[in-house]
Amino acid sequence: MRFQAPRGTHDVLPGDSFRWRFVEETFREVCRRFGYAEIRTPTFEDTQLFLRGIGEGSEIVVDKQMYSFNDPGGDSLTLRPEGTAPAVRAFLENSLHAQGPVTKVFYTGPIFRYERPQSGRLREHHQCGIELFGSIDPAADAEVIQLGVRYLRSLDIRGEEIHINSVGCPACRPAYLQVLRRYVKPHLSEMCGNCQRRYEANPLRILDCKVDVCRAATADAPPMHDSLCGECSDHLTGCREVLDLYGIECVLDDRLVRGLDYYTKTAFEFLHGGLGAQSAVLSGGRYDGLVEECGGSPTPGVGFGSGVERVLLAMEAEQSQPVAPEPITAFVITLGDAARKAGLKLLADLRAVGLAADTDYAGRSMKAQMKEANRCGARYAVIIGEDEVAHNAATVKDLATSEQASVRMESLVGSLVE
RNA sequence: GUGGGUGUAGCUCAGUUGGUUAGAGCGCCAGAUUGUGGCUCUGGAGGCCGAGGGUUCGAGCCCCUUCACUCACCCCA
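We now turn to the structure provided with this report. (Residues numbered from 1 in each chain as written. Chains lettered and ligands numbered in written order. Predicted model: local features only at pLDDT ≥ 70, side-chain atom pairs only at ≥ 80, totals over all residues. Heavy atoms only, no water.)

## A few points about the environment of Pro 138
Tracing the backbone shows Pro 138 in helix α5 (residues 138-154). When its relative accessible area of 21% is taken as the criterion, Pro 138 is described as partly exposed. (Helix = DSSP H or I, 4+ residues; strand = E, 2+ residues; numbered from the N terminus. Buried < 20%, exposed > 50% of the residue type's maximum accessible area, 1.4 Å probe, protein only.)

## Thoughts on the protein's contact with RNA strand B
In the vicinity of RNA strand B lie 47 residues, with Arg 198, Ala 280, Arg 364, Leu 399 and Ser 402 positioned nearest. Counting only the atoms of RNA strand B that lie within 4 Å of the protein, the sugar and phosphate share comes to 52%. Within the backbone of Ser 119, an N or O atom sits 2.9 Å from a phosphate oxygen of RNA strand B. Leu 122 is positioned such that a nitrogen or oxygen atom in its backbone is 3.0 Å from a base nitrogen of RNA strand B. Element by element, the count of residues in the surface near RNA strand B is highest for helix α13 (residues 366-375), at seven residues. Split by residue class, the surface near RNA strand B holds eleven nonpolar, 18 polar and 18 charged. (Near = heavy atom within 4 Å. Polar contact = N/O pair within 3.5 Å; in protein donor to acceptor, adjacent residues only side chain to side chain. Nonpolar A, V, L, I, M, F, W, Y, C, P; charged D, E, K, R; others polar.)

## Notes on the sheet that holds strand β14 (residues 380-384)
Strand order across the open sheet formed by five strands is β13-β12-β14-β15-β16, with mixed pairing between neighbours. Since the sheet does not close on itself, it has two edges, and those belong to β13 (357-359) and β16 (404-408), each with one partner. The mean angle between the axes of side-by-side strands here comes to 25°, regardless of whether they run parallel or antiparallel. Pairing between β14 and strand β15 (residues 393-398): four bridges, direction antiparallel. Bridge assignment links Tyr 380 to a residue of β15, and that residue is Asp 398. (Pairing = 2+ DSSP bridges. Axes fitted to C-alpha atoms, helices over the stretch in contact; angles between N-to-C directions.)

## A word on the sheet that holds strand β6 (residues 124-133)
Two pairing modes exist for strands in a sheet, parallel and antiparallel, and in both the strands are linked by backbone hydrogen bonds. Read from one edge of the open sheet, eight strands run β1-β5-β6-β11-β10-β9-β7-β8, paired in mixed fashion. Only two strands of the sheet have a single neighbouring strand rather than two, namely β1 (37-38) and β8 (251-252). In the sheet, β6 pairs with strand β11 (residues 301-307) via seven bridges, with the strands oriented antiparallel. When the sheet's bridge partners are listed, Ile 130 is paired in β11 with Phe 304. Sheet contacts for helix α1 (residues 17-33): β1, β5 (103-112), β6 and β11; angle to β5, the most-contacted strand, approximately 160°. Strands β5 and β6 of the sheet are contacted by helix α4 (residues 84-93), whose axis makes an angle of about 45° with β6. (Contact = heavy atoms within 4.5 Å.)

## Notes on the packing of aromatic side chains
Working definition: an aromatic ring pair is given by the centre-to-centre distance plus the angle between the planes. Enumeration over the complete set of coordinates arrives at eight aromatic pairs. With 5.9 Å between their ring centres and 75° between their planes, Tyr 67 and Tyr 114 make a pair best called edge-to-face. Pair noted here: Tyr 67 is in strand β3 (residues 67-70) and Tyr 114 is in the loop between β5 and β6, with a separation of 47 residues, a long-range link. The exposure class assigned to Tyr 67 is partly exposed, which follows from its relative accessible area of 28%. When its relative accessible area of 44% is taken as the criterion, Tyr 114 is described as partly exposed. Measuring from centroid to centroid gives 6.0 Å for Phe 268 and Phe 270, while their planes differ by 55°, and the two rings are tilted. Sitting over the ring of Tyr 114, Arg 123 keeps its end group 4.0 Å from the ring centre. (Phe/Tyr/Trp six-rings, centres within 6.5 Å; stacked < 30°, edge-to-face > 60°. Lys NZ or Arg CZ within 6 Å of the ring centre and 35° of its normal.)

## Here's the deal with helix α9 (residues 230-245)
The end-to-end C-alpha distance of α9, which contains 16 residues, comes to 22 Å, matching closely the 22 Å that a straight helix rising 1.5 Å per residue would cover. As for α9, its buried residues are in contact with α5, β7 (160-166), β8, β9 (264-272) and β10 (280-286). (Expected span 1.5 Å × (residues − 1).)

## Here we look at the packing of α5 against α9
When two helices pack together, you describe them by how their axes are tilted relative to each other and by the distance separating the axes. It is the contact of α5 with α9, at a shortest axis distance of 8 Å, that shows an interaxial angle of 50°. As the angle between them shows, α5 and α9 are arranged oblique. Handedness of the α5/α9 crossing: right-handed. Side by side, α5 and α9 meet where Pro 138, Ala 139, Asp 141, Ala 142 and Ile 145 of the first sit next to His 235, Gly 238, Cys 239, Val 242 and Leu 243 of the second. Here the contact of α5 with α9 is built from residues that sort into seven nonpolar, two polar and one charged. (Parallel < 35°, antiparallel > 145°, perpendicular 65-115°, else oblique. Left-handed = near helix turned anticlockwise from the far one by under 90°.)

Okay, structure coming up:
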């Protein structure tokens, strides 16, 4: 029996893991620059948190995409299908609001959704995300978007297109939903099953449907922004003004809605060509009702999530090269038992002073050991054979220049440190 | 959940209208003067041809079933 990784999961292999490190470290650095601190929350949470947080009407819940299970004690737990609700829970549970009016956190980690895998979509994927709690300033929305832009730029990704919209608030959205329903109703019978269900539960999503009949039916539907209340309308223009100030271009997209129920006002998506059908590389928005919904006092919030796997695809599409890991300094080559002992001791000494060093453990020939030294990119081959042992020295060969010299054992570590 | 595509060596792939011991490139291992890498040359190891069944004298190739991977719908990061 040979085991395989579960469907929709994947291994990050030694030859690729540096790409992941690069992406994550870049994200951390950009977050630090913007004043965000890392928050680490559990991989699973009380199932109710997600049912409440992302909304019973959301597709994640309706389509049963959550990895929920009962633990041996009988509690229903769920592998997190998104990052915001856990952050909100931790924010509340630990009273982070008490440290100041505005709290800025970032997170990174696995996300789980039971979906059919395809390019850019996995059952376990990884997201980098940020959340900004406590501000209704449109400049906060703009900062979140700006951070996303800086993040992608730092990875040498520049081909993204930013779509922005406002999905309104409890003051204006219900009225718009009625307008929309009234407009859609005559066409409803010929629309897809999903949309017929959405008509009652989540009419905004109808605008986002890709089925031709549905698209045609809503082609001239009244846009949300005509129905926005003054506050939401001002917020959107305020946000766009700041983005303009930052030189960030974005397109107003009437059709942009969110799959999760908690979003209010600003919604945005960073789209990237060359990812296949799953083109959103980063997306998010404002969720002014979520904290209260999760049992806290009314606290506005805005944030984004970004899929690491998709970011890596975008980097590949743009041929952006991550910084490669440093190769080792010395590869210790030994011939014979006495030399082996001296070599192992030297290896330990090199590592003890902080140098990266390695040796062969396959008992291979000198030639093969040299080959290995070359293959792993070592700067120096340190050769110890019978002659060297007899003279209490080692031969140090610079693999780039092919120059080699005999160095006495006692000064070897010092000479390699340089 | 619904479609399409693909499963042959560690990797990328060839395999003619079904015909004998299944191939290449890369990688790996070993050699090409004694204890010296990269380039080159030579040799070698490594395949229940995804699995199960069927048709046939004969199946990697045809048929059925099944599993996996993949892309798309859906949904989303």
